[in-house]
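If you want the building blocks of each chain, they are given just below.
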Amino acid sequence: HRALQYYDSSQVMAQAMDAKLDYATNLGNMGEIYLKMASLKNNDLNHTALEKGIKYLTEGIDSCLALGSADPAVAFYPTLSNAYALKGNFEHALEIYKKGENLRDSIHSAQNKMNQQNMLTTYDLTLASRDLLLKEQELNIKNLELNRSRQTLGLYVMGLIILLLAGGVVLYLLRLSRRKNKMLVESNQIYA
């Protein structure tokens, strides 16, 4: 009874805070408590508590599903199935159990699909990252080749300039030498 009082006060707080999922989960928890109360005394079945348990469990499951939160509903389905089995309605108990298992399977299937999608996305990102890294390395290689080409071109230009300067110096020295030779020839002619 204390647990029910706790859940009653929790329901009031959940309504005040507009915490719909908490409210729905509390309904299912209250149903589980009523189900325990239904079979406590000397294995005699308390039909009133059993009916309340079924009512609260059903409301809890419906509310959770309406809110799009299947995890708490999956947890309440086996208890609701046990409640119908205690009531003697075994066919409905099996139907409820199957609904819960189907919901559990669909959640796992959806989670598996999400996990697969996440893995594919991670793989795609890894490939894109590798491609980007390769392109960056290719760009670095091309930059190095460009720098090497620039250096080679610079060396050729410097070599050409040095060659032209050397040619200029040789021409200058050749002219000086010709002048000297011409002057020597003229001096020799004057001397002769």
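Residues numbered from 1 in each chain as written. Predicted model: local features only at pLDDT ≥ 70, side-chain atom pairs only at ≥ 80, totals over all residues. Heavy atoms only, no water.

## Description of the nonpolar core
- In this structure, Leu80 and Leu103 are the most contacted members of the largest nonpolar core, which totals 28 residues.
- In terms of residues, this core owes the most to one element, helix α4 (residues 70–87), which gives 8 residues.
- With sequence-adjacent residues up to four places away left out, Leu103 is seen in contact with Leu65, Ala70, Ala73, Val74 and Tyr77. (Core = buried A, V, L, I, M, F, W, Y, C linked by side-chain atoms within 4.5 Å. Buried < 20%, exposed > 50% of the residue type's maximum accessible area, 1.4 Å probe, protein only. Helix = DSSP H or I, 4+ residues; strand = E, 2+ residues; numbered from the N terminus. Contact = heavy atoms within 4.5 Å.)

## Notes on a nonpolar patch on the surface
- A cluster of nonpolar side chains, Leu153, Val157, Ile161 and Leu165, forms an exposed patch at the surface whose accessible area comes to about 380 Å².
- Tracing the chain through its elements places Val157 in helix α5 (residues 90–191). (Patch = residues over 30% accessible without salt bridge, like charges linked within 9 Å, V, L, I, M, F, W, Y side chains within 5 Å. Areas by Shrake-Rupley, 256 points an atom, 1.4 Å probe, with all protein chains shown as cover. Salt bridge = Lys/Arg side-chain N within 4 Å of Asp/Glu carboxyl O.)

## Digging into the packing of aromatic side chains
- What the rule picks out here adds up to 1 aromatic pair.
- Of note, Lys55 hangs over the ring of Tyr56, and the distance from its end group to the ring centre comes to 4.6 Å. (Phe/Tyr/Trp six-rings, centres within 6.5 Å; stacked < 30°, edge-to-face > 60°. Lys NZ or Arg CZ within 6 Å of the ring centre and 35° of its normal.)

## A closer look at the packing of helix α2 (residues 20–38) against helix α3 (residues 47–66)
- Axis separation between α2 and α3 bottoms out at 7 Å; the angle between their running directions is 155°. By the angle between their directions, the pair α2 and α3 is classed as roughly antiparallel. By crossing handedness, the relation of α2 to α3 is classed as left-handed. Between α2 and α3, the contacting residues are Leu21, Ala24, Thr25, Leu27, Gly28, Met30, Gly31, Glu32, Tyr34, Leu35, Met37 and Ala38 on the first element and Ala49, Leu50, Lys52, Gly53, Tyr56, Leu57, Glu59, Gly60, Ser63 and Cys64 on the second.
- A per-class count over the contact of α2 with α3 returns 13 nonpolar, 6 polar and 3 charged. (Axes fitted to C-alpha atoms, helices over the stretch in contact; angles between N-to-C directions. Parallel < 35°, antiparallel > 145°, perpendicular 65-115°, else oblique. Left-handed = near helix turned anticlockwise from the far one by under 90°. Nonpolar A, V, L, I, M, F, W, Y, C, P; charged D, E, K, R; others polar.)

## Concerning the pattern of salt bridges
- Per the counting criterion, the structure on display carries 3 salt bridges.
- Put simply, Lys55 and Glu59 hold a salt bridge, and the shortest N to O gap is 3.5 Å. A residue pair is termed a helical-turn pair when its members lie 3 or 4 positions apart in one helix, as Lys55 and Glu59 do in helix α3 at 4 residues.
- Of the residues examined, Glu59 reaches a relative accessible area of 30% and is grouped as partly exposed.
- Among the salt bridges present, the one from Glu101 reaches Arg104, with a minimum N-O distance of 3.6 Å. With a gap of 3 residues between them, Glu101 and Arg104 both fall in helix α5, about one helical turn apart.
- Judged by its relative accessible area of 23%, Glu101 is partly exposed.

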